[in-house]
Each structure stands twice: as C-alpha cells, then as structure tokens.
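What follows is each chain in one-letter form.
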Amino acid sequence: MRDRDKALCEAIELTPYAEQELIEARKESEGISDLERARRFLVQAMMAINGVFGKEKGGFSYTDSYTRNGHDARVNRWNNLPKRLKAVVDRLKSVRIENKDALTILKRFINRPATLVYLDPPYLGDRANGYTWDANDEEYHTKLLNLANQANCMIFISGYHNDLYDLLLSENNGWSRREIKASTKGSKGIVQERIEVVWVNKHYTTALATQALPIELTEKEAYQDKVNPERQFTLDL
Ligand SMILES: C[S@@+](CC[C@H](N)C(=O)[O-])C[C@H]1O[C@@H](n2cnc3c(N)ncnc32)[C@H](O)[C@@H]1O
C-alpha cells in the first residue's frame with residue numbers, strides 16, 4: 001500500500017473470489033514480484049477459513065447462508081477489500097503503535113487514571129494449543145494480573161474461563177465478571193460453542209456508572225492541555 005497502492009488495489013479488483021485463486025496463491029512464490037507476493041498474501045488471508053497460514057491451512061471460505069449487498073457475504077468482503085485497506089491506513093494514522101512487552105506498557109499507564117487499558121492476552125488453557133510464540137505460561141499471566149490488580153487506571157480484560165483468572169480477578173479485588181456466549185469456527189470449518197469472559201476493574205465500573213473519567217485535572221494541568229496525567233500511587237513494581 002505504501003509503494004504501489006493503485007497497482008495493488010487494481011490487482012485485487014482483477015482477482016475473482018475463487019477457490020482456484022487460493023490454491024494458486026499457496027504455490028511456490030520464489031521469484032515473484034513484491035506486488036504479486038502482496039496479492040497472494042491477501043488471497044490467502046481473505047479466501048481461507050479464518051485466514052489460517054502455516055502447516056494447518058484452512059479450506060476455501062464461503063457461506064451458503066449469508067449475503068451482503070446481494071452477493072455471497074465472502075465475495076462482498078473481498079470486493080470491498082481495496083476500500084477497507086484504505087480505511088485501515090487512515091485508522092492507523094491516528095494511533096501510536098509500540099512493540100514492547102505488555103508488562104512494560106502496563107507499568108507505564110498504571111498510574112494514569114484517565115487511561116482505559118484493554119488487555120486481550122493470549123489465552124491460557126485449552127485454547128492455548130497451537131500458540132508457540134506467545135508469553136503463555138502461568139507465571140507470566142500471574143505477573144500480568146497481579147499488576148492489573150494494583151492498577152489505578154481503568155482496565156477491561158477479555159479471555160476464557162480459567163481458574164487462575166477467577167482466583168486473581170476476584171470480586172474481593174474489585175473485579176466484575178461477565179460471560180458472553182460465542183461460537184468460533186476452526187480451520188476445518190467445525191463450529192464450537194465458547195463462553196467468553198470479560199473482567200472489568202473497579203475504576204472502570206465506577207467510570208461507567210458515573211459516566212465520568214476518574215480524574216480531576218488541576219488548573220495547571222488543564223491550562224497545559226494535559227488529559228492523562230499521572231497520579232502518585234505507591235507501587236511495589
Ligand atoms: C488474543 S490475541 C489479541 C488479539 C487482538 N486483540 C486483536 O484483536 O487482533 C493476543 C495477542 O497478544 C500478543 N502477545 C503475546 N505475548 C505478549 C507479550 N508478552 N506482550 C505483548 N503482547 C503479547 C500476541 O502476539 C497476540 O497478538
């Protein structure tokens with residue numbers, strides 16, 4: 001998108017939503033141009049169930065039940081891709097993206113009450129199968145949740161039922177817990193019913209109830225246009 005946005009969008013527009021395209025996109029890619037590599041990447045991400053790469057590839061993704069704009073919903077999604085890629089570019093222009101360990105980032109925001117942290121960690125438990133890259137051991141999650149328990153900022157966590165999470169994100173520690181029924185489709189197309197769990201800390205619960213940020217700015221802070229200043233809070237980090 002950075003170097004050749006028009007050519008890439010045109011290549012996508014000229015690619016039909018076709019199973020054979022997925023098969024071709026998975027073939028040997030040595031010697032192909034960067035543009036063609038990008039097109040094949042998008043075909044693999046968008047035309048396979050769950051966009052799965054690697055050894056356990058997903059089959060061709062289609063729906064016999066849903067339509068969007070008068071087309072098979074997947075076809076419509078593919079046809080909208082150029083527009084959506086541009087929307088992604090625009091959206092990313094208004095954020096700052098960091099590449100650091102979650103504990104490091106969380107420590108930086110823990111004393112800023114006007115911050116809302118959304119934590120979506122790799123899942124512990126049976127969903128963790130197949131994750132090989134992530135910090136996914138109990139020790140790491142314990143550190144993360146202990147830190148979340150000391151936070152002076154608002155925190156929202158999503159995951160699945162897990163004894164460690166229930167133990168550490170308890171009502172006694174000020175957390176509210178809600179279960180949401182969801183279904184996920186594996187790369188082989190098998191639907192599984194799952195119960196997602198979200199935990200909300202006391203600072204966020206209060207903010208939601210009062211519809212107010214849990215911070216009062218000093219005159220000086222307001223004058224300086226600060227929105228997210230620190231509040232001193234002794235932490236044993
Ligand atoms: C459940 S996914 C979150 C998905 C994300 N919310 C989204 O919608 O795309 C967990 C993410 O945590 C990342 N992750 C794993 N270990 C991490 C660590 N130590 N610090 C920060 N991120 C980590 C993984 O790479 C993965 O992208």
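It should be emphasised that the depicted structure is a prediction, and the values quoted were computed from it without experimental measurement.

Cut-offs and rules
- Residues numbered from 1 in each chain as written.
- Predicted model: local features only at pLDDT ≥ 70, side-chain atom pairs only at ≥ 80, totals over all residues.
- Heavy atoms only, no water.
- Helix = DSSP H or I, 4+ residues; strand = E, 2+ residues; numbered from the N terminus.
- Rg over C-alpha atoms; globule rule 2.2 N^0.38 Å.
- Buried < 20%, exposed > 50% of the residue type's maximum accessible area, 1.4 Å probe, protein only.
- Contact = heavy atoms within 4.5 Å.
- Areas by Shrake-Rupley, 256 points an atom, 1.4 Å probe, with all protein chains shown as cover.
- Lys, Arg positive; Asp, Glu negative; His and termini not counted.
- Charge placed at Lys NZ, Arg CZ, Asp CG, Glu CD.
- Phe/Tyr/Trp six-rings, centres within 6.5 Å; stacked < 30°, edge-to-face > 60°.
- Pairing = 2+ DSSP bridges.
- Domains from an automatic or database assignment.

### Re the overall build of the protein
Logical step 1: Check the secondary structure of the protein and you find 10 helices and 6 strands.
Logical step 2: For 237 residues, the compact-globule estimate of 2.2 N^0.38 gives 18 Å, and the protein exceeds it by more than 25% at 22 Å.
Logical step 3: Over its C-alpha atoms, taken along the principal directions, the protein stretches across nearly 60 × 45 × 40 Å.
Logical step 4: Among the 237 residues that make up the protein, the fraction classed as buried is 33%.
Logical step 5: Excluding contacts between residues fewer than 6 apart, the proportion of contacts in the protein whose partners are at least 24 apart in sequence is 61%.
Logical step 6: As displayed, the protein has an accessible area near 16,100 Å², and 50% of this comes from carbon and sulfur atoms.
Logical step 7: Here the protein contributes 35 positively and 35 negatively charged side chains, and the mean placements of these two sets differ by 3 Å.

### Looking at the packing of aromatic side chains
How two aromatic rings sit relative to each other is set out by the distance from centre to centre and by the angle between their planes.
Logical step 1: Using the criterion set out here, one finds 6 aromatic pairs in the structure.
Logical step 2: Measuring from centroid to centroid gives 5.2 Å for tyrosine 17 and phenylalanine 60, while their planes differ by 35 degrees, and the two rings are tilted. Taken together, the residues tyrosine 17 in the loop between α1 (5-13) and α2 (19-25) and phenylalanine 60 in the loop between α3 (34-47) and β1 (67-68) connect sequence positions 43 residues apart.
Logical step 3: The class for phenylalanine 60 is buried, based on a relative accessible area of 17%.

### A look at the pairing of strand β3 (residues 116-119)
Logical step 1: Residues Val117 and Leu119 of β3 are buried on one face, while the alternating residues Leu116 and Tyr118, pointing to the opposite face, are not.
Logical step 2: Examined bridge by bridge, β3 and strand β4 (residues 154-160) share 4 bridges and lie parallel to one another. Within β4, the residue paired with leucine 116 across the bridge is methionine 154.

### Quick notes on the environment of lysine 27
Logical step 1: Structurally, lysine 27 is set in the loop between α2 and α3.
Logical step 2: Spatially, the C-alpha atoms of lysine 27 and arginine 40 are 9.4 Å apart, while their sequence positions differ by 13 residues.

### Observations concerning the domain arrangement of the protein
Often, the extent of an interface is quoted as the loss of accessible area upon association of its parts.
Logical step 1: Assigned domains within the protein: domain 1 (5-92) and domain 2 (102-215).
Logical step 2: Once you take the C-alpha centre of each, domain 1 and domain 2 turn out to be 32 Å apart.

### Section: unusual backbone geometry
Logical step 1: With a phi close to 60 degrees, asparagine 50 is a non-glycine residue in the positive phi region.
Logical step 2: Within the secondary structure layout, asparagine 50 lies in the loop between α3 and β1.
Logical step 3: Accessibility expressed as a relative area gives 53% for asparagine 50, which makes it exposed.
Logical step 4: Phi at glutamine 211 is positive, roughly 55 degrees, even though this residue is not glycine.
Logical step 5: On the basis of relative accessibility, which here comes to 68%, the residue glutamine 211 falls in the exposed class.

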